[in-house]
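Coordinate analysis (summary)
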Amino acid sequence: MTLILHGFQFSVYTRIVKVILAEKAATYQYTEVNPFAADMPLSYLDLHPFRRVPCLKHDGFILFETSAISRYINSLFPDPDFVLQDGKALARMEQVLSIIDSYFYPHLVRQVFSHGYFLKQFNEAADPEELAAGLAAAPSILNSLEKIADEGLILNGASSTLADLHLGPMMDYFMMTDEGKKMLKEYPALSGWWDNEQKRPSLIESRPEFPQS
Ligand SMILES: N[C@@H](CCC(=O)N[C@@H](CS)C(=O)NCC(=O)O)C(=O)O
């Protein structure tokens, strides 16, 4: 069985897949693809028609969309299992994955992290309006995750699910900004989750190096 992960070194979604593969101690090959590069090989569109990363290839089976990839890896390597059987916990996990895709990534990564940290690392112009728009969206996103962490069915530091493994890389990027660090302090249950989650070895080992960090 050959697993090939196509990803980009700074991609938070690629990092989610790297974290899950590491948690499963899975062996895989890695191919770097920069989806933002003008000269990205057009052959990559055969793997991912939306020109994004990551994409997983398992022999002839091609899969994109990170939630689908993480579920597939979870079923390929059953131990440890990151999908709980309890209906309520499972629903919360799905809810967190959806909150991440719909709100956390577009606002707290693409707006706050990109314009508050990432672009500066490469001496590229950041847009303060993008940063401000992301920060304005942050309270409702963090509050919804706070309620879930406080409820304790998932994001509880005891039983890890795909929600922990997806949220970790996203939160790590948000926390690279001064604004993110300051804001998270207002959410005690989520802060408690992050204090614990940031020590996960697979998260630390997959952290990309930035030029000025
Ligand atoms: N829904 C996709 C999102 C993947 C995604 O947005 N990846 C980013 C990198 S983190 C990307 O490829 N961006 C390229 C672009 O926006 O042009 C998934 O779950 O995999």
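Conventions we followed
- Residues numbered from 1 in each chain as written.
- Predicted model: local features only at pLDDT ≥ 70, side-chain atom pairs only at ≥ 80, totals over all residues.
- Heavy atoms only, no water.
- Helix = DSSP H or I, 4+ residues; strand = E, 2+ residues; numbered from the N terminus.
- Expected span 1.5 Å × (residues − 1).
- Bend = angle between axes of the 7 residues up to and from the residue.
- Buried < 20%, exposed > 50% of the residue type's maximum accessible area, 1.4 Å probe, protein only.
- Polar contact = N/O pair within 3.5 Å; in protein donor to acceptor, adjacent residues only side chain to side chain.
- Domains from an automatic or database assignment.
- Contact = heavy atoms within 4.5 Å.
- Buried area = accessible area lost by both parts, 1.4 Å probe.
- Salt bridge = Lys/Arg side-chain N within 4 Å of Asp/Glu carboxyl O.
- Near = heavy atom within 4 Å.
- Areas by Shrake-Rupley, 256 points an atom, 1.4 Å probe, with all protein chains shown as cover.
- Pairing = 2+ DSSP bridges.
- Axes fitted to C-alpha atoms, helices over the stretch in contact; angles between N-to-C directions.
- Right-handed = clockwise from strand over helix to strand, strands pointing away.

For helix α5 (residues 162-174), with 13 residues, the first-to-last C-alpha span of 19 Å sits near the 18 Å given by 1.5 Å per residue. Roughly 30 degrees is the biggest bend found in α5, and it falls at G168, with proline P169 one to four residues downstream. Burial analysis of α5 places 13 of its 13 residues in the buried class, which makes it a mostly covered element. The opening residue of α5, the one whose side-chain oxygen lies 3.0 Å from the backbone nitrogen of A163, is T161.

Annotation of the chain at the domain level lists domain 1 (3-76) and domain 2 (87-201). Look at where the C-alpha atoms of domain 1 and domain 2 centre, and you get two points 21 Å apart. At the interface, 13 residues of domain 1 touch 19 residues of domain 2. Note on domain 1 versus domain 2: buried area summed over both sides is about 1,500 Å², and carbon and sulfur give 62% of it. Across the contact surface, domain 1 and domain 2 share three salt bridges. Residue R71 is joined to E94 by a salt bridge in which the shortest nitrogen-to-oxygen separation is 2.0 Å.

Moving on: the site of the ligand. Around the ligand, a shell composed of S11, V12, Y13, P35, F36, R52, V53, P54, E65, T66, Y105 and R110 is seen. In the environment of the ligand, an oxygen atom lies 2.8 Å from a nitrogen or oxygen atom belonging to the side chain of T66. In the model, an oxygen atom of the ligand is placed 3.2 Å from a nitrogen or oxygen of the R110 side chain. Across the complex, the protein chains shield 87% of the 510 Å² of accessible surface that the ligand would expose by itself.

Moving on to the sheet that holds strand β2 (residues 29-32). Hydrogen bonding along the main chain pairs the strands of a sheet, whether they run parallel or antiparallel. The four strands are arranged β2-β1-β3-β4 in an open sheet whose pairing can be described as mixed. Bordering the open sheet on either side are β2 and β4 (61-64), each of which pairs with just one other strand. Averaged over all pairs of adjacent strands, the angle between their axes in this sheet comes to 20 degrees, without regard to strand direction. Inspection of the sheet shows strand β3 (residues 55-58) paired to β4 by four bridges, in the antiparallel sense. Directly across from C55, in β4, lies its bridge partner F64. Relative to strand β1 (residues 3-7), helix α1 (residues 12-23) is tilted by about 150 degrees, and along the sheet it contacts β1 and β2. Lying on the sheet, helix α2 (residues 66-76) is in contact with β1, β3 and β4; it crosses β4 at an angle near 130 degrees.

Look at helix α3 (residues 87-121): only 43 Å from first C-alpha to last across 35 residues, short of the 51 Å you get at 1.5 Å a residue. Its maximal kink placed at S114, α3 deviates by approximately 65 degrees. Its side-chain oxygen placed 3.3 Å from the backbone nitrogen of K88, D86 serves as the N-cap of α3. Looking at the residues trailing α3, positive phi occurs at N123, about 55 degrees.

With that settled, the discussion passes to the pairing of β3. Relative to β3, β1 runs antiparallel, the two sharing four bridges. Residue pairing across strands places L5 opposite L56, the latter belonging to β3. The hairpin formed by β3 and β4 contains two residues between the paired strands, and D59 there has a positive phi angle of roughly 50 degrees.

This part takes up the pairing of β2. Looking at chain direction, β1 and β2 are connected through four bridges and run parallel. Following the sheet pairing, G7 is matched in β2 by E32. Remark: the β1/α1/β2 crossover connection has right-handed handedness.

Residue P54 follows V53 across a cis peptide bond; omega there is 5 degrees. Of note, the amide linkage connecting D79 to P80 takes the cis form, showing an omega dihedral of -5 degrees. When you line up the elements, P80 lands in the loop between α2 and α3. Of note, E65 is a non-glycine position whose phi angle comes to about 90 degrees, a positive value. With respect to the helices and strands, E65 occurs in the loop between β4 and α2.

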